[in-house]
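Observations on the three-dimensional arrangement
What follows is each chain in one-letter form.
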Amino acid sequence: MLFFRRIANKGFCNTIQRDEFCNVSTKITDMIGMNLYKQPNHPLGILSNSIKTFFLNDSTPKSQINAKDTFKIYDSLSPIVDVKDCFKDLLVEDSHETMSPKNTYFINKNHVLRTHMTTHDVDLLKKGEEAFISIGDVYRRDSIDATHYPVFHQVDGVRLYKNQNKEVVFNELKFCLEQLIKSIIKQDIQMRWIDAYFPFTDPSAELEILYDNKWLEILGCGVLRDGVLKNANINPELNTAWAFGLGLERLAMTLFNIPDIRLFWSKDKRFLKQFKQNEITKFKSYSKFPTCFKDFSFYINNDFQENDLHELIRSIAGDIVEEVKLKDTFKTKEGKESQCYRVNFRHMDKSLTNEEINILQFKIREGIVNDLKLELR
Ligand code: DAH
């Protein structure tokens, strides 16, 4: 984990002390506070606003049973959160893969960049909120390609009921979410419910919509487990709550026809000028700047995690990397395993010069040796 300390030491989040668990580079922390979901003419802002409108303007189906109809909106909660809020209060086991620094950005042993907006649910319930949604940026260490980005956006919602059984609450949840989706998409659309598992809900389900002849999973939801309510100091014998979490990027990519997740971060007017408040319109692609690739081959060791390579490359080249893909792998006679990764470089807003690419290539090779402690081939 050493190399992240070197990178992160460049200074960020001064109030939270980094320690040897820190695996966050400034390329990531620089994105905190960009608030794309608050820009009214940005696809993420357009979706976020239409979700807010649904929950604020009484368009939510009135609960037939004992629950609040007015939702509070939280859209400015800090993404730097306690491990306890992000995982433990939600009954995520220590051994769960999301708790691994391989998948999650740790600032120190006890603080992470939230991996989902569900993080805030217990705390808000504890504060006495009974119906609320939270919107914000979430962070995951992930591979690099057209549909994955280390920062994306989610909406989470919770509604608490008095003296109701779980089945009734689950049905209300499903009805409410179907109405929500119809109000976002503004057209009748085919939907289906799929059984799912989440550590914090039971029963749980996922909602899929049929769009352009493809089933697309857009949200997860369920009835909060008794243990989660207890963690919020709520008596589960007298109370039941539904919760849901919806990712904005995937839905926006589908509805606005956006082919690459990095476009959301583009400052190019040809992207930004295309969208208007409250309207879902199809993205018209414009000519892209040329792409260029470089291959990196090295012998791996037992500590090697592919996500660390992706992170290293991101920390050096940021958004200029379009994709990192394992191209081939082989074993030497001595049993050493060699892997070759192809890295595609393309800037969203300008042409890259050979010199710029060469510098990036040099730095990545240097990082593979010095930071990942691997032997180049
Ligand atoms: N937090 C989950 C995720 O990021 C999504 C989710 C599922 C949120 C079920 C919820 C829920 O509130 O009830 O994948």
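We now turn to the structure provided with this report. (Residues numbered from 1 in each chain as written. Predicted model: local features only at pLDDT ≥ 70, side-chain atom pairs only at ≥ 80, totals over all residues. Heavy atoms only, no water.)

**Let's talk about the packing of helix α10 (residues 306-317) against helix α11 (residues 354-370)**
If you want to describe how two helices pack, look at the angle between their axes and the distance between the axes. To be explicit about the condition: To get an axis, fit a line to the C-alpha atoms, keeping to the stretch in contact for a helix; angles then go from 0 to 180 degrees between the N-to-C directions. Numbering of helices and strands runs from the N terminus, with a helix taken as a DSSP run of H or I at least four residues long and a strand as a DSSP run of E at least two residues long. What sets the label is the angle itself: under 35 degrees gives roughly parallel, over 145 gives roughly antiparallel, 65 to 115 gives roughly perpendicular, and the rest give oblique. Handedness of a crossing is defined here by the sense of rotation of the near helix relative to the far one, left-handed for an anticlockwise turn of less than a right angle and right-handed for a clockwise turn. Contacts between residues were defined by any pair of non-hydrogen atoms, one from each residue, lying within 4.5 Å.
It is the contact of α10 with α11, at a shortest axis distance of 10 Å, that shows an interaxial angle of 140 degrees. Relative to α11, α10 is oriented oblique. Here α10 and α11 pass one another in a crossing that is right-handed. Within the contact between the two elements, α10 uses Leu-309, Leu-312, Ile-313, Ile-316 and Ala-317 and α11 uses Leu-360, Lys-363, Ile-364, Gly-367 and Ile-368.

**Side note on the site of the ligand**
Where we set the bar: When we say a residue is near a molecule or strand, we mean one of its heavy atoms is within 4 Å of it. We define a polar contact as two N or O atoms separated by no more than 3.5 Å, with the added condition that, inside protein, one atom must be a possible hydrogen donor and the other a possible acceptor, whereas residues neighbouring each other in sequence contribute only through side-chain atom pairs. Using a 1.4 Å probe, accessible areas were evaluated by the Shrake-Rupley method; residue-level cover was limited to the displayed protein chains. A cavity here means a set of 1 Å grid points, computed over protein atoms only, where a 1.4 Å probe fits but cannot escape. A pocket is an open set with protein on both sides within 12 Å along at least 5 of 7 lines, and lining residues have an atom within 4 Å of a point. Those molecules having more than half of their atoms within 2 Å of a cavity or pocket grid point set are described as sitting in that cavity or pocket. Ten residue types, Ala, Val, Leu, Ile, Met, Phe, Trp, Tyr, Cys and Pro, are classed as nonpolar, four, Asp, Glu, Lys and Arg, as charged, and the remainder, Gly among them, as polar.
Taken together, 14 residues form the shell around the ligand, and within it His-116, Thr-118, Arg-140, Gln-154 and Asp-156 come nearest. Residue Arg-140 places a side-chain N or O atom 3.0 Å away from an oxygen atom belonging to the ligand. Gln-154 places a side-chain nitrogen or oxygen 3.0 Å from an oxygen atom of the ligand. Here the ligand loses 87% of its free accessible area of 360 Å² to cover by the protein chains. Under a 2 Å grid-point criterion requiring more than half of the atoms, the pocket assigned to the ligand is the largest pocket. When contributions to the shell around the ligand are tallied by element, the ones reaching two or more residues are β6 (151-162), β9 (214-224) and β10 (239-247). Per-class residue counts for the shell around the ligand are 5 nonpolar, 7 polar and 2 charged.

**Points about the pairing of strand β8 (residues 201-211)**
Short version of the rule: For every residue, the accessible area (1.4 Å probe, protein chains only) is compared with the maximum for its type, and the residue is labelled buried under 20%, exposed over 50%, or partly exposed between those bounds. DSSP-based pairing: two strands are paired if at least 2 bridges between them are found.
Here β8 lies mainly inside the structure; 8 of its 11 residues are buried. The sheet contact formed by strand β7 (residues 191-195) and β8 spans 5 bridges and is antiparallel. Bridged to Trp-193 within β8 is Leu-207. Strand direction decides the pairing type here: β8 and β9, joined by 9 bridges, are antiparallel. Bridge pairing in β9 links Ile-209 to Leu-216. Here β8 folds back onto β9 in antiparallel fashion, the turn holding 2 residues, of which Asp-212 has a positive phi close to 50 degrees.

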